[in-house]
Amino acid sequence: MKKTINTGLLGFGMSGSVFHAPFITNVPGLHLSKIRETRPENIALANARYPQAEIVQDARAIFEDASIDLVVLATPNVSHLPLAKEALQAGKHVVVEKPFTVTSAEADELIALAKSKDRLLTVFHNRRWDSDFKTITKIVAGNLLGNVVEYEAHFDRFRDFLKPDSWKEENAPGSGILYDLGSHLIDQALCLFGLPSEISADLRTQRRDSRITDNFHLMLHYPTLRVILRAGMLVSEPGPRYKLYGDKGSFLKYGMDVQEAALKEGKAPKGAADWGIEPEDIWGRLNTQINDQHITGRIESETGDYTAFYQNVYAALTGSGELEVKPEQARNVIRVIELAMQSHAEKRTLKYI
């Protein structure tokens, strides 16, 4: 019989309801036992979808519950540090929604606290399990492009208005597209290529009346590789999502991983045989030379599934696997963001330190 890990979820807005609860409840052994939420419409949705979970309005009802093993924070960015500290001090294991924290110093503080309490601490960098990124990881690991000399990744959207009553639109620490979508792109790049030697960035506010960064162009410099990461809110006709060039060939990929759209439609991974399978019309195109053989054409995308994140958390908690998203890795993402903001402010390229 599998060990049961009782889980408390803080927040049932878009993050909690769309990206966390469906995958927590898709892992045998993880039991969603409590949800902290105060908004009536979200409480009604949580009750309808997860009747087994008790809805509470105070985080302390989760922190002080001795039966809760794991706490998941799906809350605004500025709350990550104080809530994660409180959870760790209460002896809970903790999953933090990305971005990990607002500053790398805050991340270091949480990492040290987790170690002192011998508790698991990780960050929901779920985009490692996107179908397209899994495909790219396989291509790079298989040396299908030879030595990669340029990598470009985009996370573009078209939203020419400001979301009403959204903390994500407020000019506050940790807000803006660099922390939001940028943290995904940075984490993926660091997974593929490690830490850069230098960083340069250009940050923009493009939407009318916007008070946050809603466009960025970030460059990570490596000795023989240039990484370009871009995201914007005024891109109505997206170009390639990924472009990779090597000394043996190239790989281009259009279209988004299908999971987010399915989740927003109210679909769930549990029992879905076709979950995370991309349609052929958005498979990437490979053009390369392998062993003197020219290979060109579409490459079937790997199957994406964010369930793997929580499967790994369960494995790490039960001693059957090593934690994949290490907090130190998530901390490095925040350090890149800090240096990107400094680079933009000072209009110069900075060494990664």
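Described below are features of the structure shown in this document. (Residues numbered from 1 in each chain as written. Predicted model: local features only at pLDDT ≥ 70, side-chain atom pairs only at ≥ 80, totals over all residues. Heavy atoms only, no water.)

Observations concerning the environment of Leu218
Part 1: For Leu218, the location among the structural elements is in strand S9 (residues 215-222).
Part 2: Between the C-alpha atoms of Leu218 and Ser200, which are 18 residues apart in sequence, the distance is 6.0 Å.
Part 3: Leaving out residues up to four positions away in the same chain, Leu218 has contacts with Ile186, Ile199, Ser200, Ala201, Val227, Ile228, Leu229, Val336 and Ala340. (Helix = DSSP H or I, 4+ residues; strand = E, 2+ residues; numbered from the N terminus. Contact = heavy atoms within 4.5 Å.)

Thoughts on unusual backbone geometry
Part 1: The omega torsion of the bond from Lys98 to Pro99 falls at -5°, within 30 degrees of zero and hence cis.
Part 2: Relative to the helices and strands, Pro99 is located in the loop between strand S5 (93-97) and helix H5 (104-117).
Part 3: Of note, the phi angle at Asp209 is positive, near 70°, even though the residue is not glycine.

Overview of the pattern of salt bridges
Part 1: Applying the stated criterion to the full structure yields 26 salt bridges.
Part 2: Where Asp132 meets Arg241, a salt bridge forms, and the shortest distance between an N and an O atom there is 3.6 Å. Taken together, the positions of Asp132 in helix H6 (residues 131-141) and Arg241 in the loop between strand S10 (225-232) and strand S11 (242-246) put the pair 109 residues apart, joining distant regions of the chain.
Part 3: Owing to a relative accessible area of 4%, Arg241 belongs among the buried residues under this scheme.
Part 4: A single salt-bridge network, built from bridges that share partners, covers Arg127, Asp130, Asp132, Arg157, Arg241, Glu260 and Lys264. (Salt bridge = Lys/Arg side-chain N within 4 Å of Asp/Glu carboxyl O. Buried < 20%, exposed > 50% of the residue type's maximum accessible area, 1.4 Å probe, protein only.)

Here we look at the side chain of Lys253
Part 1: Looking at the element boundaries, Lys253 is found in strand S12 (residues 249-253).
Part 2: Classification of Lys253 as buried rests on a relative accessible area of 2%.
Part 3: Within the structure, the side chain of Lys253 is placed 3.4 Å from the backbone oxygen of Gly255, a separation counted as a polar contact.
Part 4: Within the local environment of Lys253, its side chain forms a polar contact with the backbone oxygen of Ile282, the two atoms lying 2.9 Å apart. (Polar contact = N/O pair within 3.5 Å; in protein donor to acceptor, adjacent residues only side chain to side chain.)

Considering the sheet that holds strand S1 (residues 5-10)
Part 1: Read from one edge to the other, the open sheet built from six strands follows the order S3-S2-S1-S4-S5-S6, with strand pairing classed as parallel. This sheet does not close on itself; its edge strands, each paired only once, are strand S3 (54-56) and strand S6 (121-124). Each neighbouring strand pair of the sheet contributes to a mean axis angle of 25°, computed without reference to strand direction.
Part 2: Docked against the sheet, helix H4 (residues 80-89) engages S1, strand S4 (70-73) and S5, running at close to 165° with respect to S5. (Pairing = 2+ DSSP bridges. Axes fitted to C-alpha atoms, helices over the stretch in contact; angles between N-to-C directions.)

Overview of the nonpolar core
Part 1: Residues Phe100, Tyr151, Phe216, Leu218, Leu220, Val227 and Leu229 are the most contacted members of the largest nonpolar core, which totals 67 residues.
Part 2: Apart from the residues within four sequence positions on either side, Leu220 is in contact with Ala189, Leu190, Pro196, Glu198, Ile199, Leu225, Arg226, Val227, Leu229 and Val336. (Core = buried A, V, L, I, M, F, W, Y, C linked by side-chain atoms within 4.5 Å.)

Things to note about the packing of helix H7 (residues 177-193) against helix H10 (residues 327-346)
Part 1: Packing of H7 against H10 leaves a shortest axis separation of 9 Å and a crossing angle of 120°. For the element pair H7 / H10, the angle class is oblique. Crossing geometry of H7 relative to H10 is assigned as right-handed. In this structure, H7 contributes Leu178, Tyr179, Ser183, Ile186, Asp187 and Leu190 to the contact, and H10 contributes Asn332, Val333, Val336, Ile337, Ala340 and Met341.
Part 2: Of the residues contributing to the contact of H7 with H10, the split by class is nine nonpolar, two polar and one charged. (Parallel < 35°, antiparallel > 145°, perpendicular 65-115°, else oblique. Left-handed = near helix turned anticlockwise from the far one by under 90°. Nonpolar A, V, L, I, M, F, W, Y, C, P; charged D, E, K, R; others polar.)

A closer look at the packing of H5 against H10
Part 1: In the contact formed by H5 and H10, the axes pass within 8 Å of each other and the chain directions differ by 170°. On the basis of their axis angle, the class for H5 and H10 is roughly antiparallel. By crossing handedness, the relation of H5 to H10 is classed as left-handed. Between H5, through Ser104, Ala107, Asp108, Ile111 and Lys115, and H10, the contact on the second element is made entirely by Pro327, Glu328, Arg331, Ile334, Arg335 and Glu338.

Examining the sheet that holds strand S8 (residues 198-204)
Strand pairing in a sheet relies on backbone hydrogen bonds, with the paired strands running either antiparallel or parallel.
Part 1: With mixed pairing, nine strands are arranged side by side in an open sheet as S14-S13-S12-S11-S7-S10-S9-S8-S15. Single-partner strands in this sheet number two, and they are strand S14 (293-299) and strand S15 (350-351).
Part 2: As paired elements, S8 and S9 share seven bridges and run antiparallel to each other. From the neighbouring strand, Ser200 faces S9, where its bridge partner is Met219.
Part 3: Here H6 sits on the sheet in contact with strand S7 (148-156), S11, S12 and S14, set at roughly 5° to S11.
Part 4: Its contacts with the sheet place H10 against S8, S9 and S15, and it is angled at close to 70° to S8.

So, the packing of aromatic side chains
Part 1: Applying the stated criterion across every chain yields a total of eleven aromatic pairs.
Part 2: Look at Trp129 and Phe309: their rings are 6.1 Å apart centre to centre, the planes differ by 75°, and that puts the pair in the edge-to-face class. Linking Trp129 in the loop between S6 and H6 with Phe309 in helix H9 (residues 307-317), this pair joins segments that are 180 residues apart in sequence.
Part 3: Since its relative accessible area comes to 9%, Trp129 is described here as buried.
Part 4: Note on Phe309: relative accessible area 2%, which makes it buried.
Part 5: Centroid distance Phe309 to Tyr310: 5.0 Å. Interplanar angle 90°. Geometry classified as edge-to-face. A single burial state applies to Phe309 and to Tyr310, both of which are buried.
Part 6: Members of the aromatic cluster, each reached through a chain of ring pairs, are Phe19, Phe23, Trp275 and Tyr306.
Part 7: Stacked on the ring of Phe155, the Lys or Arg Arg241 has its end atom at 4.6 Å from the ring centre. (Phe/Tyr/Trp six-rings, centres within 6.5 Å; stacked < 30°, edge-to-face > 60°. Lys NZ or Arg CZ within 6 Å of the ring centre and 35° of its normal.)

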